[in-house]
Structure formats: structure tokens, C-alpha cells
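# Descriptive analysis of the structure
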Amino acid sequence: MPLDQFRLDRKTALITGGNRGIGLAIARLFGEAGARCLLTSRSETPELTALLEEHPDRYRWVQEDVTDPEAGARLVAATLDAFGTLDVLVNNAGVAANGNFHEFDDAQLDYIMGTNLIAPFRIARAAVAQMLKQGGGTVVNVGSISGYVANKPQLQVAYNASKAAIHQMTKTMAFEYAGRGIRVNAIAPGYVVSDMTKGGIANAEWNRIWTENTPMGRFAEPEEMANCALFLASPASSYVTGEILVADGGYTTH
Ligand code: NDP
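Okay, so let's go over this structure. Everything numeric here is computed off the predicted structure, so don't read it as measured data. (Residues numbered from 1 in each chain as written. Predicted model: local features only at pLDDT ≥ 70, side-chain atom pairs only at ≥ 80, totals over all residues. Heavy atoms only, no water.)

## Quick look at the overall build of the chain
Under the convention used in this document: Counting from the N terminus, the helices are DSSP H or I runs at least four residues long and the strands are E runs at least two residues long. It is over C-alpha atoms that the radius of gyration is taken, and the globule rule equals 2.2 Å times the number of residues to the power 0.38. Here, residues are in contact when the closest pair of their heavy atoms is within 4.5 Å. Throughout, the Shrake-Rupley method with a 1.4 Å probe supplies accessible areas, and for residues the shown protein chains are the sole cover considered.
Regarding its fold elements, the chain presents eight helices and seven strands. At 17 Å, the chain has a C-alpha radius of gyration in line with the 18 Å of a compact globule built from 254 residues. With the C-alpha coordinates of the chain rotated into their principal frame, the extents come out at 50 × 40 × 40 Å. Here the contacts in the chain between residues at least 6 apart in sequence split such that 70% fall between residues at least 24 apart. Accessible surface, the chain: about 11,700 Å² in total, of which carbon and sulfur atoms supply 54%.

## Here's the deal with the site of the ligand
Operational definition: Being near a molecule or strand, for a residue, comes down to having at least one heavy atom within 4 Å of it. In protein, a polar contact means a hydrogen-donor-capable atom and an acceptor-capable atom, both N or O and within 3.5 Å, with residues adjacent in sequence counting only if both atoms are side-chain atoms; elsewhere, any N or O pair within 3.5 Å suffices. Ten residue types, Ala, Val, Leu, Ile, Met, Phe, Trp, Tyr, Cys and Pro, are classed as nonpolar, four, Asp, Glu, Lys and Arg, as charged, and the remainder, Gly among them, as polar.
Taken together, 30 residues lie near the ligand, and Asn 19, Arg 42, Ser 43, Tyr 159 and Ser 194 sit nearest. Between the ligand and the protein, one listed contact pairs an oxygen atom with a side-chain N or O atom of Asn 19 at 2.4 Å. A distance of 2.5 Å separates an oxygen atom of the ligand from a polar atom in the side chain of Ser 43. About the coverage of the ligand: the protein hides 96% of its 870 Å² of free accessible area. Secondary structure elements with two or more residues in the shell around the ligand: helix H1 (21-32) and helix H5 (157-177). Each residue belonging to the shell around the ligand can be placed in one class, and the counts come to 10 nonpolar, 14 polar and six charged.

## Description of the packing of H1 against helix H8 (residues 222-233)
Rules: Lines fitted to C-alpha atoms define the axes, with helix axes restricted to the stretch in contact, and inter-axis angles between N-to-C directions lie between 0 and 180 degrees. With respect to orientation, any angle under 35 degrees is reported as roughly parallel, any angle over 145 as roughly antiparallel, any angle of 65 to 115 as roughly perpendicular, and every other angle as oblique. The crossing is said to be left-handed when, going from far helix to near helix, the turn is anticlockwise and less than a right angle, and right-handed when the turn is clockwise.
Across the interface, H1 lies against H8 with an axial gap of 8 Å and an inter-helix angle of 55 degrees. In this view, H1 runs oblique relative to H8, as classed from their interaxial angle. Remark: the crossing between H1 and H8 carries right-handed chirality. Only Pro 222, Glu 223, Met 225, Ala 226, Asn 227, Ala 229, Leu 230 and Ala 233 of H8 make contact with H1, whose side of the interface consists of Gly 21, Ile 22, Ala 25, Ile 26, Leu 29 and Phe 30. Here the residues of the contact of H1 with H8 sort into 11 nonpolar, two polar and one charged.

## Considering the environment of Gly 18
Where we set the bar: Only protein chains enter the calculation, and the probe is 1.4 Å; a residue is then buried if its accessible area is under 20% of its type maximum, exposed if over 50%, and partly exposed in between.
Relative to the helices and strands, Gly 18 resides in the loop between strand E1 (12-16) and H1. By relative accessible area, which is 0% here, Gly 18 ends up buried. Placed 226 residues apart in sequence, Gly 18 and Ile 244 show a C-alpha to C-alpha distance of 21 Å. For Gly 18, the residues in contact, after removing those within four places along its chain, are Gly 23, Leu 24, Leu 39, Thr 40 and Leu 48.

## Things to note about the side chain of Thr 115
Position of Thr 115 among the secondary structure elements: in helix H4 (residues 106-134). Filtering out sequence-adjacent residues up to four positions away, Thr 115 remains in contact with Val 66, Thr 67, Ala 93, Gly 94, Val 95, Asp 110 and Pro 120.

## With respect to the state of the cysteines
As a reminder, the rule being used: Disulfides are defined as pairs of cysteine sulfur atoms found within 2.5 Å of each other.
The full count for this structure, using the stated rule, is zero disulfides. Sulfur of Cys 37: no disulfide; nearest cysteine sulfur belongs to Cys 228 and is 17 Å away.

## Some points on the packing of aromatic side chains
Stated precisely, the cut-off is as follows: Pairing of aromatic side chains requires ring centres within 6.5 Å, counting the rings of Phe and Tyr and the six-membered ring of Trp. Pairs whose planes differ by under 30 degrees are stacked, by over 60 edge-to-face, and all others tilted.
Tallied over the full model, the rule gives six aromatic pairs. Measuring from ring centre to ring centre gives 5.8 Å for Tyr 191 and Tyr 251, while their planes differ by 65 degrees; the resulting arrangement is edge-to-face. Linking Tyr 191 in the loop between strand E6 (182-189) and helix H6 (198-202) with Tyr 251 in the segment after strand E7 (244-247), this pair joins segments that are 60 residues apart in sequence. For the pair Tyr 191 and Tyr 251, one class covers both residues: buried. For the pair Trp 210 and Phe 219, a centre-to-centre distance of 6.2 Å together with 85 degrees between the ring planes defines the contact as edge-to-face. A relative accessible area of 3% means that Trp 210 is categorised as buried. Three or more aromatic residues joined by ring pairs make a cluster, and in this case those are Tyr 191, Trp 206, Trp 210, Phe 219 and Tyr 251.

Set out below in C-alpha cells:
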């Protein structure tokens, strides 16, 4: 059935940052689509606890700091332990920090690049090695419109550079593995309601600027990003690889 192509029955997914925000929405939707999901984050949230209790067969959670160099290997092993295979990786965990370029210190730079670029690189490396053994899989990286434009009014040079790098990592991985059954794509969200943006949304001036620059005139809900991730993770996108799916309410049209 054509609509079954959007399902993930008998598939397993590793989703980083699955305890809140966009990652939690992806976890919920993938579970509804039939996948069994290994979720990871540093902390457990009440929403995550409820999800684990409601669907113990569908979800497992392991506490992990994705910046640990061994995190990728441990997460792949945990997914195999729980479900036997690893079919889908969603590299979603990420952090943001604002500041002027000329004052952006090394600790902040390491924190942003370590979480948003080095960690997804290492985790994807471990996941792809497993997918090659299995004969295929899909990777969905979470980029950002910040990989294309300078945000305003907030300055966030390291974040923007990390997301541009994720987009290019996506394209290059897609090129390398296209002939071996592994598709690699990314989503590039605009402003989404989450813990990451709640400070800006609560700031009247930032809220006005963000809204005015989004032609749809509103922020996205995490579930709208989950829909994009499901398309890219599922057979519905079987001929799509190396794509950065921008979902931004029109932000980057002008
Ligand atoms: P949240 O701040 O709500 O979620 C961030 C997630 O990343 C949490 O699950 C957090 O869990 C996890 N995380 C952060 N650091 C680590 C770490 N070192 N180890 C393990 N997990 C970690 O933000 P969003 O849901 O909005 O962000 C999700 C992704 O979407 C990010 O990559 C972000 O850059 C991207 N994005 C978001 C946009 C937005 O407008 N919200 C726009 C464009 C892209 P914990 O803290 O418990 O470890």
C-alpha cells in the first residue's frame, strides 16, 4: 500500500536527544509508525518517563553524553542489545550559545562543536559501520536554517558553522554510501518551539523579529519536524539522499 511506505514496521531507530523537544516528537512519531527506538540524552524528563512506561516494548532509554568519544560505539551496542538491528539513526541532540565572534571563547567553541558536529560525526560513523554489515539503513541528521543564514538578532557563529558542517557531512556521506543501501539526509528547521528557543520566544523583541522574518508568521511545533524526519527515514523517500529538507515557514525565501 502506498501509505505503508511512510511506516517503519520492523525497523529500529537510534534517536539522540530523545527526551524532549524535536527528538521526543520524532521518537513518538517513529514509535507510532511501527519502529522500536533506543533513545538517549543526559537527563530523563517526565515526558520521557511516561513514554517509556506507556510503551515498554517500543522504547528503551540509555543515559549518555554524546560528546563522550565512546558514546557512538556504546549507543550502537545498546541498540543491538535491545532490538537486534540498527536501521535508522537520527542525530538530533544539539546545543546553542550566543555571542560575538571576537569574544567567543574556546570553552564555548568546544561545547558547540563537540555536541553539534563531532558527536554526530562519531555516532554516525559507528552507526554506518553497523548498517554496512546489515546491508543498509537511513541516517537523518538535524541541521538548521542557521547552516544557511546568519540569524537575527542573536549572534551564534559557532552554532551556525556547526550546522553548515552537518549539512555538508550529510551530502558527503550520502555520496559515499548511495551505492551501498544507506541513505543520508538532514532536516533544516526554522524556529521551533522548544527549550532551545523558549528564552527567545519569551523575549518580546526577539519574538517580534523571528516572527516578522518567518513568512508564515508563526513558529513550528516539534511534531512538524518529526513529520519531515519520518519521511526521510522511511521508504517513502527511497530515491532521496544527500537532501537538506528545509522546514522553516518560508524563513529562507528572502
Ligand atoms: P532542546 O534544547 O529541547 O533539546 C536538545 C536535546 O539535545 C535534548 O534532548 C538534550 O538532552 C540533548 N542533548 C544536548 N546535549 C547533549 C549531550 N551532550 N548528550 C546527550 N544529549 C544531549 O532543543 P530542540 O529540540 O529544539 O533541538 C533539537 C535539535 O534541533 C538540535 O540539534 C537543534 O540544534 C536543532 N534545531 C532546533 C531549532 C529550534 O528552533 N528549536 C531550529 C533548528 C535546529 P539532555 O540535555 O538531557 O542531554
